[in-house]
Number of protein chains: 2
Amino acid sequence: MTRLYRAFACFCLFSLLAYAVSAQDTSIAFGPERARWFCIAQEVQPVLQQTVVEPVGLVRPVRDSSAFQGWRMEPAGDMQQFYDMTYKRGTPSVIVDFGRHVTGYFSFSLHTDGWSDAPTRFRFTFGEVPAELTTPFDPYPGGLSRGWLQDEIVTVMTCPEHITVPIDRRMAFRYVKIELLGVSGSFQFDFTGMRVRAVSSASGTPMELAAGTPEMIRRINAVGLATLGECMQTVYEDGPKRDLRLWIGDLYLEALANSYSFKNHDLTKRCLYLLASLADSTGWVSATVYERPEWKIQGKGTHCMDYSLLYGVALADYVKYSGDTATGRDLWPVVKRQVEVAREALDPAGIYDNALKPSWLVFDWKSDLNRDASIQGLMTFAVDRSYELARMLGTEKEVSDWPKLTARMKSAARNAYYDRKSGLVLSGPDKQASYLSQVWMVLSGTLSVKEGARALSAIMESPDACRIGSPYAYHYFIEALIQCGLEEQARTALIDYWGGMVHKGADTFWEVYDPEDDFKSPYGFFPINSYCHAWSCTPVYFINKYPEVFQR
Amino acid sequence: MTRLYRAFACFCLFSLLAYAVSAQDTSIAFGPERARWFCIAQEVQPVLQQTVVEPVGLVRPVRDSSAFQGWRMEPAGDMQQFYDMTYKRGTPSVIVDFGRHVTGYFSFSLHTDGWSDAPTRFRFTFGEVPAELTTPFDPYPGGLSRGWLQDEIVTVMTCPEHITVPIDRRMAFRYVKIELLGVSGSFQFDFTGMRVRAVSSASGTPMELAAGTPEMIRRINAVGLATLGECMQTVYEDGPKRDLRLWIGDLYLEALANSYSFKNHDLTKRCLYLLASLADSTGWVSATVYERPEWKIQGKGTHCMDYSLLYGVALADYVKYSGDTATGRDLWPVVKRQVEVAREALDPAGIYDNALKPSWLVFDWKSDLNRDASIQGLMTFAVDRSYELARMLGTEKEVSDWPKLTARMKSAARNAYYDRKSGLVLSGPDKQASYLSQVWMVLSGTLSVKEGARALSAIMESPDACRIGSPYAYHYFIEALIQCGLEEQARTALIDYWGGMVHKGADTFWEVYDPEDDFKSPYGFFPINSYCHAWSCTPVYFINKYPEVFQR
């Protein structure tokens with residue numbers, strides 16, 4: 001039935017896309033291919049695994065300056081105590097703990113001995129971390145939509161009743177605070193059932209870690225797996241609380257972690273096809289695409305050159321880990337196109353100049369980061385990895401000038417950014433020394449292993465260096481350390497950074513983590529941060545790919 | 001299909017009731033009849049008429065000390081202006097006017113040119129009168145459940161979208177205030193459609209008023225019809241905003257008005273059968289029964305002797321207006337039982353003593369009203385009217401002692417309450433002179449027409465008399481004036497009282513109306529009052545029953 005429905009849906013979408021494409025300029029990139037690609041993406045849409053999760057107990061927030069964001073939860077009773085509670089006017093709010101991060105649909109039942117003579121009114125506040133339940137949301141000071149915050153007011157007209165809150169909103173949380181805002185004085189009620197229909201497309205059994213793997217590594221791996229699993233829905237989402245959306249940067253890291261855990265390669269395939277089918281008219285893939293309320297046939301592009309270049313790297317990894325060269329060949333034109341688009345930003349010397357082809361360069365949550373050296377390195381890295389893909393596919397003749405291109409870029413970068421004296425990469429007019437500039441000059445092979453090790457060691461000893469701001473950027477830092485043979489430093493950095501979140505009680509890894517500032521938020525209000533964020537899941541990749549470094 | 005469904009539902013309910021009854025004490029009153037009665041009630045459940053109502057324009061609340069509760073609405077644009085508005089962060093709240101009171105399901109569509117990257121969050125506040133939209137609901141000072149207030153917070157996850165707010169809550173309102181609480185800075189949207197799927201079981205065409213009927217009477221009649229129509233749902237509700245429920249007192253007055261307008265007698269029949277099937281184990285009918293989430297087979301009784309006695313009067317009227325003597329005969333035992341129950345409260349002298357069979361006596365929203373004379377009169381009136389019913393049905397032999405009973409009650413009442421000197425009925429230990437005591441001694445025939453006219457005239461000239469507090473009690477006052485031949489006074493009283501509401505802008509008549517105090521509320525907070533309330537609809541009955549008094 002599901003298969004039949006999909007086939008029909010696919011037919012409809014195909015017709016729609018075919019029409020949309022035919023109605024447009026015939027010179028549109030990949031014109032005839034898009035509808036087919038979209039269909040393939042829909043064909044491999046995963047079935048969501050549904051699991052009923054019941055809460056494990058009541059908790060109470062306690063101020064604790066040593067806890068993350070100043071709050072920790074302590075046990076406040078078991079669920080039987082909650083179900084035994086008689087709700088009436090004046091019943092104080094309670095917080096129910098599901099014991100782990102869940103993504104899904106929350107429901108409960110209300111029960112009365114007799115009847116109800118009036119509606120009850122509740123506020124349910126869903127939190128991934130304790131401080132979301134202790135920080136008033138209004139007046140809302142944040143930059144993103146207030147709508148992302150997970151509090152809902154619900155009127156239950158009669159009792160008894162079974163309610164899903166709210167009917168069409170999937171929530172991501174561990175804790176739910178229940179506040180009774182309205183009830184009549186004439187009746188009492190109690191909760192008789194509370195659960196979450198949790199959803200995820202992650203399936204399969206991740207690898208066992210080696211005997212003797214230290215406990216902290218085990219815990220980091222487990223939290224990473226939870227993070228990845230919660231973000232694996234009908235696409236690789238960036239975060240199940242916010243934005244619920246496919247971004248290339250997140251996809252790239254999620255796919256890496258997936259290749260070393262669940263191995264649900266079809267989800268990667270689906271995302272790569274979706275991005276291809278929804279590229280702009282020049283063939284430039286958008287950094288993010290929208291699944292709801294319908295896939296955008298040609299979205300208003302959000303273009304990030306670092307992300308569009310990573311598309312080819314993600315496809316190369318997909319082919320390598322899945323062995324699916326057919327998909328590689330099918331999407332190869334998209335990879336070529338991303339490199340062609342990026343080349344529009346190269347100056348005659350082979351230096352990437354964002355003014356020539358302006359786009360948002362993500363890299364990190366760091367407004368003070370000069371991105372010149374980073375994008376130079378990332379483009380070099382991506383073109384080289386895309387050339388590797390061409391060789392896997394036997395299409396390298398089509399891009400025979402790429403090796404020459406990256407050689408020229410490396411040489412130009414060394415001239416422009418490498419300071420032989422200090423051994424550091426310095427980026428931009430102010431010669432900024434940042435972690436990421438070193439990282440990308442390492443990953444691109446612009447620096448030799450020896451030079452890279454020196455640069456990374458030097459930057460770690462520079463107190464004034466522009467540091468790393470997010471788990472996303474931290475991934476590349478760990479990778480660069482390993483690539484330069486600085487394995488002990490990689491291990492320490494991973495344990496310090498992701499272990500720091502575990503120490504602070506993370507059930508899933510956070511979108512933003514600054515060991516010095518629990519309240520850091522790119523959005524002006526820390527509760528709007530996502531606390532289960534895909535780009536933070538990569539310890540799963542590192543721990544399982546490099547057992548000799550991490551599982552000892 | 002509907003018929004088949006009903007038959008099946010009826011079968012299920014019958015089985016359930018049969019089981020419930022058989023499981024109980026076999027001495028339960030009407031034991032074997034209840035399930036059958038319930039089935040008959042379900043068989044005549046009306047089909048709700050559905051009408052799509054679109055808003056007529058924008059309005060803006062303006063402070064006006066001469067307006068009801070200090071606020072009036074003035075026009076603020078047409079709907080095209082509203083639909084042309086671009087919604088984005090900072091868009092101020094607007095109030096949409098549906099032009100009339102509607103009861104139903106509110107929905108709207110959101111539209112974007114491109115896409116939405118975040119949820120939008122709204123507060124919708126539905127108001128029957130302007131001040132509901134200008135008075136903050138929180139902190140809520142009222143006595144009834146805060147849940148009755150019609151404000152809902154809605155998160156719309158993606159855009160475009162068509163939304164019904166909220167999916168299962170029927171609203172009663174004329175105005176809806178729209179506040180945008182959350183949106184991202186990256187997109188804009190607009191409303192493309194807004195409507196109410198209005199529901200009512202009222203059908204048929206009320207009578208035309210005589211040519212030359214004064215404009216104010218026409219307006220009172222129209223507002224009364226709107227009030228009645230909005231309260232006619234699957235039962236006679238007391239109010240579509242609050243409590244959405246069948247009460248005998250409201251049913252009695254609604255059925256009277258219905259008999260002189262829509263003539264949907266099946267709704268009366270249904271309500272009478274429901275009340276009978278859900279009487280308590282002694283056969284005493286509950287003042288109110290609960291339709292949702294399921295009909296209470298045997299509710300925790302809310303017993304009001306004035307209401308249970310009116311059951312027989314309502315059945316007598318039903319038989320008289322519909323001609324359906326079969327129903328009259330079927331439910332006759334219930335009427336007898338109500339009289340028997342009431343007799344338990346009579347002392348040997350024939351005086352009703354609430355201490356002997358305690359129950360809540362409604363009569364009016366007046367805590368200072370002494371109800372002794374009123375209940376004495378009401379019981380006498382009800383037993384006499386029930387005896388009239390018996391004569392219509394040919395069952396008067398079963399209750400041959402009733403005429404003697406009421407004669408004794410009248411005689412006792414004259415001794416206990418009638419002050420020949422002043423011509424006033426005085427009630428209770430403090431000899432309270434109230435409007436209602438006169439009214440009920442008139443309606444019961446305890447006073448002669450002449451005595452009644454004298455008593456009513458005297459009370460109207462007593463500045464210290466306990467006055468009438470609600471439209472419900474006002475009905476009986478008008479009826480008593482007419483019965484005593486004080487037609488001019490009846491006409492003036494009706495125009496003053498209900499016309500006062502019309503003057504103050506009523507679209508439907510209010511639950512509570514005190515010409516001296518717009519903010520009066522039995523519940524401690526005037527916005528929780530119902531502003532479309534069944535018991536206020538009876539001008540329809542008076543105007544159409546007594547054209548010689550009112551249509552001139």
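Each value, and the rule that gives it
- Residues numbered from 1 in each chain as written.
- Chains lettered and ligands numbered in written order.
- Predicted model: local features only at pLDDT ≥ 70, side-chain atom pairs only at ≥ 80, totals over all residues.
- Heavy atoms only, no water.
- Least-squares fit on C-alpha atoms with pLDDT ≥ 70 in both.
- Contact = heavy atoms within 4.5 Å.
- Phe/Tyr/Trp six-rings, centres within 6.5 Å; stacked < 30°, edge-to-face > 60°.
- Helix = DSSP H or I, 4+ residues; strand = E, 2+ residues; numbered from the N terminus.
- Buried < 20%, exposed > 50% of the residue type's maximum accessible area, 1.4 Å probe, protein only.
- Expected span 1.5 Å × (residues − 1).
- Bend = angle between axes of the 7 residues up to and from the residue.
- Polar contact = N/O pair within 3.5 Å; in protein donor to acceptor, adjacent residues only side chain to side chain.
- Buried area = accessible area lost by both parts, 1.4 Å probe.
- Salt bridge = Lys/Arg side-chain N within 4 Å of Asp/Glu carboxyl O.
- Nonpolar A, V, L, I, M, F, W, Y, C, P; charged D, E, K, R; others polar.
- UniProt positions renumbered as here; feature names shortened; annotations may be inferred.
- Core = buried A, V, L, I, M, F, W, Y, C linked by side-chain atoms within 4.5 Å.
- Domains from an automatic or database assignment.
- Pairing = 2+ DSSP bridges.

Draft legend 1. A look at the relation of the copies chain A and chain B. Expressed as a screw transformation, the operator carrying chain A onto chain B has a rotation angle of 180 degrees and an axial translation of 0.0 Å, and the superposed copies differ by an RMSD of 0.0 Å. Classification of the inter-copy transformation places it as that of a two-fold axis. Considering only C-alpha atoms, the residue of chain A closest to the rotation axis is I153 of chain A, which sits at 3.0 Å. Of the interface residues in chain A, 100% have counterparts in chain B that sit at the interface too, so the contact is made through matching surfaces.

Draft legend 2. Structural view of the packing of aromatic side chains. Tallying each qualifying case throughout the model produces 104 aromatic pairs over all chains. Ring plane angle 65 degrees and centroid distance 6.4 Å describe the contact between W365 of chain A and W535 of chain A, whose orientation is recorded as edge-to-face. Here W365 of chain A is found in the loop between α8 (325–343) and α9 (372–393), whereas its partner W535 of chain A is found in the loop between α14 (487–503) and α15 (539–545), with 170 residues between them in sequence. Among the residues examined, W365 of chain A registers a relative accessible area of 29% and is labelled partly exposed. Judged by its relative accessible area of 6%, W535 of chain A is buried. Arranged with centres 5.0 Å apart and planes meeting at 75 degrees, the rings of F519 of chain B and F526 of chain B form a pair that is edge-to-face.

Draft legend 3. Representation of helix α14 (residues 487–503) of chain B. All names here are of chain B. Helix length check: α14 (17 residues) gives 22 Å between terminal C-alpha atoms against 24 Å at 1.5 Å per residue, within 8%. What α14 keeps buried is the set A490, R491, A493, L494, Y497, W498, G499, G500, M501 and V502. The elements touched by buried residues of α14 are α4 (215–231), α13 (471–483), α15 (539–545) and α16 (547–550). One or two steps after α14, the chain reaches G505, where phi turns positive at roughly 95 degrees.

Draft legend 4. Structural context of helix α7 (residues 305–322) of chain B. Residue and element names in this part refer to chain B. The end-to-end C-alpha separation of α7 is 26 Å, in line with the 26 Å expected for 18 residues at 1.5 Å each. At Y311, α7 is deflected by roughly 25 degrees, the largest bend along its length. For α7, a buried count of 15 out of 18 residues is recorded, marking the element as mostly surrounded by other parts of the structure. G323 sits one or two residues past α7 and shows a positive phi near 75 degrees.

Draft legend 5. Examining the side chain of T234 of chain A more closely. Residue and element names in this part refer to chain A. Mapping T234 onto the fold places it in the loop between α4 (215–231) and β10 (246–247). A distance of 2.5 Å separates the side chain of T234 from the side chain of E291, its partner in a polar contact. Not counting the four nearest positions on each side in its chain, T234 is found in contact with Q45, P46, L48, L267, R270, E291 and R292.

Draft legend 6. Representation of unusual backbone geometry in the model. With an omega of -5 degrees, the peptide bond running from D138 of chain A to P139 of chain A counts as cis. Among the structural elements, P139 of chain A can be located in the loop between β5 (120–127) and β6 (151–156). Residue R242 of chain B is joined to D243 of chain B through a cis peptide bond whose omega torsion reads 10 degrees. Within the element layout of this structure, D243 of chain B appears in the loop between α4 and β10 (246–247). A positive phi angle is found at Q69 of chain B, which is not glycine, with a value near 60 degrees. Assignment of secondary structure puts Q69 of chain B in the loop between β2 (57–63) and β3 (71–77).

Draft legend 7. Main features of the interface of chain A and chain B. Facing the 37 residues of chain A at the interface are 37 residues of chain B. For the pairing of chain A and chain B, the buried interface totals around 3100 Å² over both sides, and the portion due to carbon and sulfur atoms is 56%. The largest contributions to the chain A side of the interface with chain B come from W115, R121 and M157 of chain A, which together make up 19% of the buried area. Inspection of the region where chain A meets chain B yields two salt bridges. Notably, a salt bridge pairs R121 of chain A with D151 of chain B, separated by 3.1 Å at the nearest N-O pair. Taken together, the links from chain A to chain B amount to 12 residue pairs in polar contact (both at pLDDT 80 or more). At the level of secondary structure, the elements contributing two or more residues to the side of chain A that touches chain B comprise β6 and β8 (171–182) of chain A. Examining the composition of the side of chain A that touches chain B, we find that four residues originate from one element, β6 of chain A, more than from any other. Taken together, the residues of the side of chain A that touches chain B sort by class into 15 nonpolar, 11 polar and 11 charged.

Draft legend 8. Focus on the UniProt feature "domain: Glycosyl hydrolase family 78 alpha-rhamnosidase N-terminal" (unreviewed entry) in chain A. Annotation from UniProt places "domain: Glycosyl hydrolase family 78 alpha-rhamnosidase N-terminal" (unreviewed entry) at residues 55–198 of chain A. Strand forms 50% of residues 55–198 of chain A and helix 4%; the C-alpha atoms that close the span are 12 Å apart.

Draft legend 9. Structural detail: the nonpolar core. In terms of nonpolar packing, the biggest core is built from 135 residues, with I478 and F550 of chain A touching the most fellow members. Per-element tally for this core: the top contributor is helix α7 (residues 305–322) of chain A, with 11 residues. Of the residues that make up this core, three or more belong to each of domain 1 (2–43) and domain 2 (50–200) of chain A. Those residues in contact with I478 of chain A that sit more than four places away from it in its chain are A490, A493, L494, W498, F542 and F550 of chain A. Formed by 133 residues, the second largest nonpolar core is a distinct cluster that contains A41, V129, M216 and W440 of chain B.

Draft legend 10. Representation of the pairing of strand β4 (residues 94–111) of chain B. Residues and elements named next belong to chain B. Taking burial as the measure, the 18 residues of β4 include 14 buried ones, the bulk of the element. Bridge count between β2 and β4: three bridges; the pairing is antiparallel. Considered in β4, the bridge of L58 is made with V96. Pairing of β4 with strand β8 (residues 171–182) involves seven bridges; the strand directions are antiparallel. Residue pairing across strands places V94 opposite I178, the latter belonging to β8. Bridging between β4 and strand β9 (residues 190–200) involves eight bridges; their strand directions are antiparallel. Within the sheet, the bridge partner assigned to S109 lies in β9 and is G193. When β4 meets strand β7 (residues 161–165), the two strands line up antiparallel, connected through five bridges. Across the sheet, residue F108 finds its bridge partner in β7, namely I163.

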